[in-house]
Amino acid sequence: MERYPFAEIEPKWQTRWDDDGLFRCATDASEKYYCLVMYPYPSGDLHVGHGRNYIIGDAVARYEMMRGRSVLTPMGWDAFGLPAENAAIERGIHPPVWTDQNIVKMKEQFRAWGIGYDWDREFASHEPSFYRWTQWIFVKLFEHGLAYRKGASVNWCPSCATVLANEQVVDGKCERCDSVVGTRDLEQWFFKITDYADRLLEGLDRLEGWPERVRIMQRNWIGRSEGVEIDFTVAETGDPLPCFTTRVDTTFGVTYMVMAAEHPMLREVVAGTERETEVLAFADKVKAQAAIERGAADVEKVGVWTGRHVLNPVNGERVQLWVANYVLMEYGTGAVMAVPAHDQRDFEFAREYGLPIRVVIDRPGDPLSVDAMGEAYVEDGVQVNSGEFDGIPNRDGLEKIADWMETKGIGRRTVSYRLRDWLVSRQRYWGTPIPVIYCDACGPVAVPEEDLPVLLPTDVTFSGKGESPLTTSESFLDALCPKCGGKGRRETDTLDTFVDSSWYLFRYVSPDEERAPFVTADVNHWFPVDQYIGGIEHATGHLIFVRFMTKVLHDLGLTGFDEPIERLFSQGMINKDGTKMSKSKGNVVPPDELIARYGADTERLYTLFIGPPDRDAEWSDTAVEGAYRFLNRVWNLVGEWPFDASNGSADAKLLAAPELPDNVDKLHRKTHQTIRKVTRDMDDFHFNTAVAAVMELSNGTRALVDGLSGAKPSGLEKAAVREAVRNIVLLLAPMVPHFAEEIWERAGSTRSIFAEPWPAFDEEAAREDVVTIAIQINGKLRGTVEVPRGSEEAAVVALAQSNERVAKHLEGRELKRVIFVPDRLVNLVVK
């Protein structure tokens, strides 16, 4: 068997696509299709797991080309961020040097995979021509009150004497030096995403092309809750300590109160008490834990008493005020009223620390006993120990107690969100400089648009210790106040990289525009993005931020839409040896070796075939070889049965005859059924079953050929094989583009296969030759039977009556009438 020469044909077609501008897209193109894969961080090392979303994106783009769309498929680089700073420290080079080297390498890897992009639209977020507009957007938010500054906690490594990102804190320790990480309160910049909470929720209902699990994750992250904010008071100081609750019916059952470790009042509450040192040390330890771990239902609940008490406004009771790990600032006010009888977390904490438990919602007909309770009672019931509200259903208590609180002035109905304003400042060098100048007379002043971009200085060094290098660059720090002209100093924080990625997809439409971040008319033409592809891990980060920023840009009059993405696909992970690929585990599969051995198209085909693309999959080296063997079988089949790329209509006319020989009819039907299935599978991102369908067609074609047993094929048999082979190549084109292009050229075509129309199926020819009929007796399903499509009623009834299971239900009963739905069901009505 001849092996297809991938080492020759793949570089050939990669060069041809570049020279012909196959992926170059005019901004004013009609029949638009914007296909976008999330831009990557330029790490420089891609393995086959990374390739999955890029290969999927390329297959989608090529498929849409063949459907007559003008496809915009750009690529850029999420270039700022922590890894480049770490590389600068480890290698003694400047971050942009390392970043630019990696970009070159990754572009080579994309090319080797045969992945095409409109490189004329390429940019990287560390380029001044891009981050100038990131800064411009920041200034607009600042001018409209959506960017502001306030104190917030950051991770602090005392050994390195530097701020750490959350990703650098591992098990409460610094990933660089293994020292225990503490916290510091610093002035930080925030975006007011909470102003858009309701609109972000409302917009989710319109995102019908998004995975439901992503929409659920965003709803939960935003976390809208209707409830009551209650005015508790610190007994010893008289300071108010407001608390939000959705369970106002349990307020009479409060037996202690808990503050989050991050609560801004905590230091003030314990100041000067004998417990101050212990409480603050505990809080620092808790703050080093990840919020997701602290919020888990099964986390060990630990806390310390502050030495202070709180007065419950509904009954005047004085209860202890604690700090505990299971309460987070992300919800409500960061202070939680603890009702251990009716909240499982509070129950476990109260049992652990010997705190009181009081039932205020009793079980109807079976009163609760605190001593006998093994868990919190969380069902509905009747109010008890609740003053004037005793005896009423707790659902009524929710409204009546809330009304009473508002009348008494001790609480008020409100809406709370889990969503918090977006902290966008980072105490790092390698990021977009925040365009603000501090003036003693004027305060923080935004840098004027004409002075943007504020450039990152290059006269800095990296040691990994101490503050950001920006704080030591005099050339960067010194600036004049834009308002009064007096002496000022620049902000030394940089922007979170998620700010760059919150708007980068707009810049692709106008990458060279120098007067604005993008041209509004062009963006309105191309948006929303028709298909966005990226990991599920971005559900509550990037994918919320990009929706928020789109709404802001809409409100600023810069776009005519407020949702940026029509369809979203989140690919699963490819694992090796049962776990995620990583260098430290030694299970990385580099693409270079595979491409050298089997060719890029083999890797592409296997990646698409490995399993449902939205689920995790296990990489198998032996299965890769199977994909390679399949391509060689198709290559040889085409060699044995060459076709004319421009003459498919002639075969179609022959095969349109009213009667075809059985072997011809079978293959002709299989060809059109395969076109139908692959088309639907490509639309639905079922690439694995699309590949399987083409493999079945290939096998069916080989079966007809082998069935000839050396006999001279008839004209109809030749036409059926040519039709099948031709369509196998067309259907495979988006998946194995080099392979398909080479065959298409050898079949006489002078243009790219991606200029060809996607195959169309004949509905009549694609009809199944057999159908499954449901057999009902008096409307109840009793069996099924397979019959030729179009079978008449009498034949179907006869088969139904001979069915063994059905026959048992017919014994001794009279058939009164038959309800027959052709090709679907037969209902035997009996007495």
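Residues numbered from 1 in each chain as written. Predicted model: local features only at pLDDT ≥ 70, side-chain atom pairs only at ≥ 80, totals over all residues. Heavy atoms only, no water.

Caption draft 1: Region of the structure containing the side chain of aspartate 496. Its place among the elements puts aspartate 496 in the loop between β23 (494–495) and α14 (497–501). Within polar-contact distance, the side chain of aspartate 496 engages the side chain of tryptophan 422 at 3.2 Å. Residues in contact with aspartate 496, not counting those within four places in the same chain, are Trp422, Leu423, Val424 and Arg426. (Helix = DSSP H or I, 4+ residues; strand = E, 2+ residues; numbered from the N terminus. Polar contact = N/O pair within 3.5 Å; in protein donor to acceptor, adjacent residues only side chain to side chain. Contact = heavy atoms within 4.5 Å.)

Caption draft 2: The packing of aromatic side chains, seen in detail. For the coordinates displayed, the defined rule picks out 51 aromatic pairs. Here tyrosine 4 and phenylalanine 739 contribute two aromatic rings whose centre-to-centre distance is 5.1 Å and whose plane-to-plane angle is 90 degrees, an arrangement assigned as edge-to-face. One end of the pair, tyrosine 4, is in the segment before α1 (6–20); the other, phenylalanine 739, is in helix α25 (residues 737–746), with 735 residues separating them in the sequence. Of the residues examined, tyrosine 4 reaches a relative accessible area of 2% and is grouped as buried. Since its relative accessible area comes to 1%, phenylalanine 739 is described here as buried. Seen from their ring centres, phenylalanine 506 and phenylalanine 527 are 4.6 Å apart, and the 5 degrees between their planes marks the pair as stacked. Within this pair, whereas phenylalanine 506 is found in helix α15 (residues 504–507), its partner phenylalanine 527 is found in the loop between α16 (520–526) and β24 (531–533), the two being separated by 21 residues in sequence. Every member of this aromatic cluster is reached through a ring pair, and the members are Phe138, Phe142, Trp189, Phe191, Tyr196, Trp422, Phe498, Phe545 and Phe548. The ring of tryptophan 119 has lysine 107 lying over it, and the distance from NZ or CZ to the ring centre is 4.5 Å. (Phe/Tyr/Trp six-rings, centres within 6.5 Å; stacked < 30°, edge-to-face > 60°. Buried < 20%, exposed > 50% of the residue type's maximum accessible area, 1.4 Å probe, protein only. Lys NZ or Arg CZ within 6 Å of the ring centre and 35° of its normal.)

Caption draft 3: Broad picture of the environment of alanine 521. Checked against the element boundaries, alanine 521 lands in helix α16. Owing to a relative accessible area of 55%, alanine 521 belongs among the exposed residues under this scheme. Along the sequence, alanine 521 and asparagine 688 sit 167 residues apart, while their C-alpha atoms lie 38 Å from each other.

Caption draft 4: Here's a closer look at the pattern of salt bridges. Scanning the entire structure with this criterion turns up 57 salt bridges. Between lysine 105 and aspartate 45 there is a salt bridge; the shortest N-O distance is 3.1 Å. One end of the pair, lysine 105, is in helix α4 (residues 95–112); the other, aspartate 45, is in the loop between β1 (32–37) and α2 (51–66), with 60 residues separating them in the sequence. Its relative accessible area of 34% is what places aspartate 45 among the partly exposed residues. (Salt bridge = Lys/Arg side-chain N within 4 Å of Asp/Glu carboxyl O.)

Caption draft 5: Just the state of the cysteines, in detail. With the rule as written, the count across this model stands at zero disulfides. With no disulfide of its own, cysteine 35 has cysteine 25 as its nearest cysteine by sulfur position, at a separation of 12 Å. As a non-bridged cysteine, cysteine 481 has cysteine 439 as the owner of its nearest cysteine sulfur, 3.7 Å distant. Of the residues examined, cysteine 481 reaches a relative accessible area of 3% and is grouped as buried. (Disulfide = S-S within 2.5 Å.)

Caption draft 6: Spatial organisation of the sheet that holds strand β30 (residues 780–788). Strand order in the open sheet formed by four strands is β30-β29-β32-β31, and the pairing between neighbours is mixed. Of all strands in the sheet, those bounded by a partner on one side alone are β30 and β31 (815–821). Averaged over all pairs of adjacent strands, the angle between strand axes in this sheet comes to 20 degrees, irrespective of strand direction. As defined by bridge partners, strand β29 (residues 770–777) adjoins strand β32 (residues 825–830) across four bridges and the pair is classed as parallel. The residue of β32 that forms the bridge with alanine 774 is leucine 825. (Pairing = 2+ DSSP bridges. Axes fitted to C-alpha atoms, helices over the stretch in contact; angles between N-to-C directions.)

Caption draft 7: Looking closely at the packing of α1 against α25. Remark: α1 packs on α25, axes separated minimally by 9 Å, with the N-to-C direction vectors making an angle of 85 degrees. As far as their axial angle goes, α25 and α1 are roughly perpendicular. For the pair α1 and α25, contact is made by Ile9, Glu10, Lys12, Trp13, Gln14, Arg16 and Trp17 and by Pro737, His738, Phe739, Glu741, Glu742 and Glu745, respectively. (Parallel < 35°, antiparallel > 145°, perpendicular 65-115°, else oblique.)

Caption draft 8: Representation of the side chain of arginine 669 within the structure. Mapped onto the secondary structure, arginine 669 falls in helix α22 (residues 662–683). Residue class for arginine 669 comes out buried when judged on its relative accessible area of 18%. Side-chain polar atoms of arginine 669 contact the backbone oxygen of arginine 767, separated by 2.8 Å. Once residues within four sequence positions are removed from consideration, arginine 669 is found in contact with Glu764, Ala765, Ala766, Arg767 and Asp769.

Caption draft 9: Structural context of the sheet that holds β24. Spatial ordering of the open sheet is given by β2-β1-β24-β25, a layout of four strands whose pairing is parallel. Looking at which strands have only one partner, the edges of the open sheet turn out to be β2 (70–72) and β25 (568–569). Sheet analysis places β1 next to β24, joined by three bridges and oriented parallel. Paired with leucine 36 across the strands is tyrosine 532, a residue of β24. Against the sheet, α2 engages β1, β2, β24 and β25, with an angle of about 170 degrees to β1.

Caption draft 10: Quick look at helix α7 (residues 212–222). Residues Val214, Arg215, Gln218 and Ile222 constitute the buried set of α7. Looking straight down α7, one finds its buried side chains confined to an arc of 100 degrees; they lie on one side. The elements touched by buried residues of α7 are α6 (197–204), β8 (224–234), β16 (411–417), α17 (542–555) and β25. Note on α7: the residue one or two positions beyond its end, glycine 223, has a positive phi of about 60 degrees. (Arc of directions from axis to C-beta.)

Caption draft 11: Region of the structure containing the environment of proline 613. Topologically, proline 613 is positioned in the loop between α19 (600–609) and β28 (617–618). You can call proline 613 buried: its relative accessible area is 5%. With 123 residues separating them along the chain, proline 613 and arginine 490 place their C-alpha atoms 47 Å apart. Here proline 613 is in contact with Arg52, Ile56, Phe569, Ser570, Gln571, Gly572, Phe685, Phe687 and Asn688, once residues within four sequence places are set aside.

Caption draft 12: Structural detail: helix α24 (residues 715–732). Compared with the 26 Å implied by 1.5 Å per residue over 18 residues, the 26 Å span of α24 between its first and last C-alpha is a close match. Counting buried positions along α24 gives 14 out of 18 residues, so the element sits mostly inside the fold. (Expected span 1.5 Å × (residues − 1).)

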